[in-house]
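Listed below, chain by chain, are the residues.
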Amino acid sequence: MRINGKWLMCDDGVVRPMVRGEVLAGDDSWEWVEFLVDTGADRTVFTAATLAKLSLQSVTAHEGISGLGGGADSVIVETQIRLTRENSGKVVFRGHYAAVTELGSLDIDVLGRDITGLFTVIVDQPGDTICLLGQRHHYAIQHD
């Protein structure tokens, strides 16, 4: 399985590794979300704006979450994340994910190791490559 991403220019002018996915909303519709592929993030986290768009009920009350920007209040939501494979098939991840509750505390949705840890993750800016590899896909590092 191969899930491809892209290097995208973000609102702040910085190019970041992103994977486009869909998240199951409270009304059973699928909403598109651009996820930052964050190899240092322990878990997947939704922004407050995405949380509002999804209209999901929290399964756990407020919980603290922290990162480089400091701490933020968050909730845990149960939903599904759907990513598109190289053959246009879909892979679905069901689980409990964090979501910050304050608008200014996180400006981009994060795909963390709770999902990326299931894959070999390639984040190669010079090679213009972002991909998650699993099952029969492999890579090799060669010296020319």
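The structure under discussion appears in the preceding block.
Computed from a prediction, not measured in an experiment: that's the story for all the values here.

Regarding the overall build of the protein
Thinking step 1. Scanning the protein from terminus to terminus reveals two helices and eleven strands.
Thinking step 2. Helices (α) and strands (β) of the protein occur, in sequence order from the N terminus, as β-β-β-β-β-α-β-β-β-β-α-β-β.
Thinking step 3. Against the globule reference of 15 Å for 144 residues, the protein gives a C-alpha radius of gyration of 15 Å, in line with a compact fold.
Thinking step 4. Seen along its three principal axes, the alpha-carbon backbone of the protein occupies a region of about 50 × 30 × 25 Å.

Focus: the sheet that holds strand 11 (residues 129-133)
Within a sheet, neighbouring strands are paired by backbone hydrogen bonds and run either parallel or antiparallel to one another.
Thinking step 1. Spatially, the three strands line up as an open sheet ordered 1-11-10, and their pairing is antiparallel. The open sheet has two free edges, formed respectively by strand 1 (2-4) and strand 10 (120-124), since each of these has just one partner strand. Looking at each pair of strands side by side, their axes are set apart by 15° on average, direction ignored.
Thinking step 2. With three bridges connecting them, strand 1 and strand 11 associate as antiparallel partners. Note that in strand 11 the partner of Asn 4 across the bridge is Cys 131.

Quick notes on the state of the cysteines
Two cysteines whose sulfur atoms are joined by a covalent bond form what is called a disulfide.
Thinking step 1. Applying the stated criterion across every chain yields a total of zero disulfides.
Thinking step 2. Summary of cysteine pairing: Cys 10 is not part of a disulfide, and the nearest cysteine sulfur, belonging to Cys 131, is at 19 Å.
Thinking step 3. Cys 131 sits in the buried class, given a relative accessible area of 3%.

Rules of the game
Residues numbered from 1 in each chain as written. Predicted model: local features only at pLDDT ≥ 70, side-chain atom pairs only at ≥ 80, totals over all residues. Heavy atoms only, no water. Helix = DSSP H or I, 4+ residues; strand = E, 2+ residues; numbered from the N terminus. Rg over C-alpha atoms; globule rule 2.2 N^0.38 Å. Pairing = 2+ DSSP bridges. Axes fitted to C-alpha atoms, helices over the stretch in contact; angles between N-to-C directions. Disulfide = S-S within 2.5 Å. Buried < 20%, exposed > 50% of the residue type's maximum accessible area, 1.4 Å probe, protein only.

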